[in-house]
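# Secondary and tertiary structure notes
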Amino acid sequence: MSRTFNIFYAEIQTPIGPLTLARTKQGLCAIEFGQGENVLTALANWSRKNFLTDRLLHDQDALAHEMNQLEAYFQGERTQFDCELHLVGTPFQKLVWQALLNIPYGEVRSYKEIAKEVGAPKAVRAIGGANNKNPVPIIVPCHRVVGSNGALVGYGGGLEIKRQLLLLEGAPIEQKDS
């Protein structure tokens, strides 16, 4: 029996640039910064590795719910998301991503605080690694994790996008990055 199924994707323009969203029938599985051939190639490779399929079908309607929520977020009208998620990762990564979902809108936490929350207080680097592998940034708010001194560090979309997201949320951020 084949495990091949379709991954639906759509593209959306946002104040931080274009995003490409992907979902399975179970839920949102990826958000990529950017659009076009390079993003779709990376998404196909990721899908092949994680879902054993690279059947990407463009379908704006399949992702209308998620796109509407992101648009409301960027307009300052939404502080929480209620998207179904289909997260693929290790048990530790999923534990970290769940902890990220607990960070309230407009607040930040340090990598060290997340490490303590997941019961691995010495695993600060592993928390950073799990953050880096978050397949659905913004929805799973890895941008809300900062250095122990409050400085903006590490973000897949780049530090300027991280800054923009935190400013949108009114989160306290350091003016000087370290």
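Residues numbered from 1 in each chain as written. Predicted model: local features only at pLDDT ≥ 70, side-chain atom pairs only at ≥ 80, totals over all residues. Heavy atoms only, no water.

## Considering the overall build of the protein chain
- Helices and strands together make up the secondary structure of the protein chain, namely six helices and six strands.
- Overall, the protein chain shows an N-to-C arrangement of helices and strands of β-β-β-α-β-α-α-β-α-α-β-α.
- Relative to a compact globule of 178 residues, whose C-alpha radius of gyration would be 16 Å, the protein chain shows 16 Å and is just as compact.
- Along the three orthogonal principal directions, the C-alpha set of the protein chain runs to about 50 × 35 × 30 Å. (Helix = DSSP H or I, 4+ residues; strand = E, 2+ residues; numbered from the N terminus. Rg over C-alpha atoms; globule rule 2.2 N^0.38 Å.)

## Considering the nonpolar core
- By size, the foremost hydrophobic cluster in this structure holds 38 residues, and its most contacted members are Leu21, Leu70, Leu100 and Ile138.
- Of all the secondary structure elements, the ones that give two or more residues to this core are strand E1 (7-14), strand E2 (17-23), strand E3 (28-33), helix H2 (64-74), helix H3 (91-101), helix H4 (111-117), helix H5 (124-132) and helix H6 (159-169).
- Other than its neighbours up to four places away in sequence, isoleucine 138 contacts Ile16, Leu19, Leu70, Tyr73, Phe74, Phe81, His143, Tyr155 and Leu165.
- Ile7, Cys29, Leu43 and Phe51 belong to the second largest nonpolar core, which has nine residues in total. (Core = buried A, V, L, I, M, F, W, Y, C linked by side-chain atoms within 4.5 Å. Buried < 20%, exposed > 50% of the residue type's maximum accessible area, 1.4 Å probe, protein only. Contact = heavy atoms within 4.5 Å.)

## Some details on the UniProt feature "active site" (unreviewed entry) in the protein chain
- Mapped onto this structure's residue numbering, the UniProt feature "active site" (unreviewed entry) falls at Cys142.
- Setting aside chain neighbours within four positions, we find cysteine 142 in contact with Leu100, Asn131, Asn134, Pro137, Tyr155 and Lys162. (UniProt positions renumbered as here; feature names shortened; annotations may be inferred.)

## Some words on the packing of H3 against H5
- Two elements in contact, H3 and H5, have axes separated by 9 Å at closest approach and are oriented at 80°. Between H3 and H5, the angle falls in the class roughly perpendicular. Taken together, the residues of H5 that come into contact with H3 (itself represented by Phe92, Gln93, Val96, Trp97 and Leu100) are Ala126, Ile127, Ala130 and Asn131.
- A breakdown of the residues in the contact of H3 with H5 according to their chemical character gives seven nonpolar, two polar and no charged. (Axes fitted to C-alpha atoms, helices over the stretch in contact; angles between N-to-C directions. Parallel < 35°, antiparallel > 145°, perpendicular 65-115°, else oblique. Nonpolar A, V, L, I, M, F, W, Y, C, P; charged D, E, K, R; others polar.)

## What about the pairing of E1?
- Of all eight residues that make up E1, six are buried, and the element is covered over most of its length.
- Where E1 meets strand E4 (residues 56-58), three bridges bridge the pair, whose relative direction is parallel. Counted as the bridge partner of tyrosine 9 is histidine 58 from E4.
- Across seven bridges, the pairing between E1 and E2 is antiparallel. Looking at E2, one finds that glutamine 13 is bridged to proline 18.
- Between the end of E1 and the start of E2, which pair antiparallel, lie two residues. (Pairing = 2+ DSSP bridges.)

## A look at the pattern of salt bridges
- Going through the model one piece at a time under the given rule, you end up with five salt bridges.
- Across the salt bridge formed by glutamate 84 and arginine 23, the nearest N and O atoms sit 3.8 Å from each other. In this pair, glutamate 84 sits in the loop between H2 and H3 while arginine 23 sits in strand E2, placing the two residues 61 residues apart along the sequence.
- The buried category is assigned to arginine 23, whose relative accessible area is 11%.
- With a shortest N-O distance of 3.6 Å, arginine 163 and glutamate 160 are connected by a salt bridge. One end of the pair is arginine 163 and the other is glutamate 160, both in helix H6 and three residues apart, which spans about a single turn.
- In this structure, a network of salt bridges that share partners links the residues Arg23, Glu66 and Glu84. (Salt bridge = Lys/Arg side-chain N within 4 Å of Asp/Glu carboxyl O.)

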